[in-house]
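Chain by chain, the residues:
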Amino acid sequence: MTGKVEYSYFDYGLVAVLIFLLCFGLIMLYSTSYYSAQIDYDGDGTYYFRRQLMISALGLVVMYVVTKIDYHLYARYAKALYVISFILMALVQTPLGIEANGARRWIQLPFRQQLQPSEVTKIAVILFIPYIICSLGKEAYTKKGAFWIFLYGGLAAAGVFVLTENLSTAVIVFGIAAVIFFVTYPRTKKIAIAFFVIVIGGLIAGQILGRLLESSGNFRLQRILSWVDPEKYAQSGAFQTMQGLLAIGSGGFFGKGLGNSAQKMVIPEPQNDMILSIICEELGVFGLIVVLVLFGMLLYRLMFIAQNAPDLYGSLIVTGVFAHIAIQVILNVAVVLNVIPTTGITLPFISYGGTSALFLMIEMGIVLNVSGKIKIRR
């Protein structure tokens, strides 16, 4: 009778989906941003594409390095990273802070580079909340444990909102903590019902609030007004939304063809949070389905790793990454389709953005390290 041989697992399926997403994103970014880059950078139509290509290449190198770091080491420094994320966010309010398009969310780095501290906060929460749960043990499943988990998650979200004035990222940060808690808490049915009620209630309240506050000058309330009645504000607050919907509608099922978008010449900065509307215009509903299937495959691989991780800490880290990507994709799609007000959330791995892309690759490196600790016996 022969004994079973133990093998270390590595999720090559996740790597394959990730590389496909990156390549697809670069192709669509080139097509989407060429016109606006020509206008903004003296005829250099490849500006955004070249920068994103360099960031993606750097991200792959960083991801490879991170896959070699034992994820258990993060438990030692999770609290320190959590504190550092607040310090970085506080720097946004100093002379190091950079304001762009009316938002002050970045800090200046050497060599004319920028950093968005809220991206650090996302990873800090992904690593720190699982550490708290593992430290609390069985107490994590009590009301007291839930209080501490949501306290740290809520503080991080409040820090993002107050220090960087970024409501959408604050929602993502709190959502990551909530999903991690949801996975560990035994009474999931109650939480699911409460979440459903909150979402539906929020959408209804937004519609009512928009009708009541049409005279408000607050930019967040103006976004709600533009969401409630986009046609009325088509030339102001809802301009981007309406042009995005026109792009989606004109694409049909198979689209106009790669590079043939007309709305990318009208939509402000289409390479950012509205890139999905250009994908729909050029590749049609079919292109949207491809994007959603790719993200579905990515999330499936993350779920598989989380379920088979060798310990609770690794499982909850991967769950946090799953929550981050899932929430961000859902919010971006919802904004593009005008299901929720405009939030400025980018589409992971596809939209233009250096800090976001780099930190997403770091998260993927952590996940791949967790997958490498899974043992298979044959």
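Residues numbered from 1 in each chain as written. Predicted model: local features only at pLDDT ≥ 70, side-chain atom pairs only at ≥ 80, totals over all residues. Heavy atoms only, no water.

A. Local environment of unusual backbone geometry. Notably, Glu 165 is not glycine yet its phi reads approximately 55°, a positive angle. You will see that Phe 349, though not glycine, has its phi angle at about 70°, which is positive. In this fold, Phe 349 is placed in the loop between helix H11 (312-336) and helix H12 (354-372). The exposure class assigned to Phe 349 is buried, which follows from its relative accessible area of 7%. (Helix = DSSP H or I, 4+ residues; strand = E, 2+ residues; numbered from the N terminus. Buried < 20%, exposed > 50% of the residue type's maximum accessible area, 1.4 Å probe, protein only.)

B. Up close: the pattern of salt bridges. Applying the stated criterion across every chain yields a total of seven salt bridges. With its nearest N and O atoms 3.0 Å apart, the salt bridge here joins Arg 301 to Asp 11. Note that Arg 301 is positioned in helix H10 (residues 275-308) and Asp 11 in the loop between strand S1 (6-8) and helix H1 (12-40), a separation of 290 residues in sequence. A residue is classified by how much of its surface remains accessible, and Arg 301, at 17% relative accessible area, is buried. Linking Glu 282 and Lys 264 is a salt bridge whose minimum nitrogen-to-oxygen distance equals 3.4 Å. Of the two residues, Glu 282 is situated in helix H10 and Lys 264 in the loop between helix H9 (239-251) and H10; the sequence distance between them amounts to 18 residues. Taken as a pair, Glu 282 and Lys 264 share a single burial class, namely buried. (Salt bridge = Lys/Arg side-chain N within 4 Å of Asp/Glu carboxyl O.)

C. Highlighting the side chain of Asn 166. Looking at the element boundaries, Asn 166 is found in the loop between helix H5 (143-164) and helix H6 (167-184). Judged by its relative accessible area of 2%, Asn 166 is buried. At 2.9 Å, the side chain of Asn 166 and the side chain of Thr 169 are in polar contact. (Polar contact = N/O pair within 3.5 Å; in protein donor to acceptor, adjacent residues only side chain to side chain.)

D. Representation of the pairing of strand S3 (residues 103-109). As defined by bridge partners, strand S2 (residues 97-100) adjoins S3 across four bridges and the pair is classed as antiparallel. Counted as the bridge partner of Gly 97 is Ile 107 from S3. For S3 and strand S4 (residues 113-115), the ladder comprises three bridges, and the chain directions are antiparallel. Each residue of the ladder has a partner; that of Ile 107, found in S4, is Leu 115. (Pairing = 2+ DSSP bridges.)

E. Region of the structure containing the nonpolar core. Among the nonpolar cores identified, the biggest contains 95 residues, and Phe 295, Leu 298, Leu 302, Ile 325, Phe 349, Ile 350 and Met 364 are the most heavily contacted of them. By residue number, the principal contributor to this core is H11, which donates 15 residues. When residues no more than four places from it in sequence are discounted, the contact partners of Phe 349 are Leu 18, Leu 21, Leu 22, Gly 25, Phe 295, Leu 298, Ile 325, Leu 360, Met 361 and Met 364. (Core = buried A, V, L, I, M, F, W, Y, C linked by side-chain atoms within 4.5 Å. Contact = heavy atoms within 4.5 Å.)

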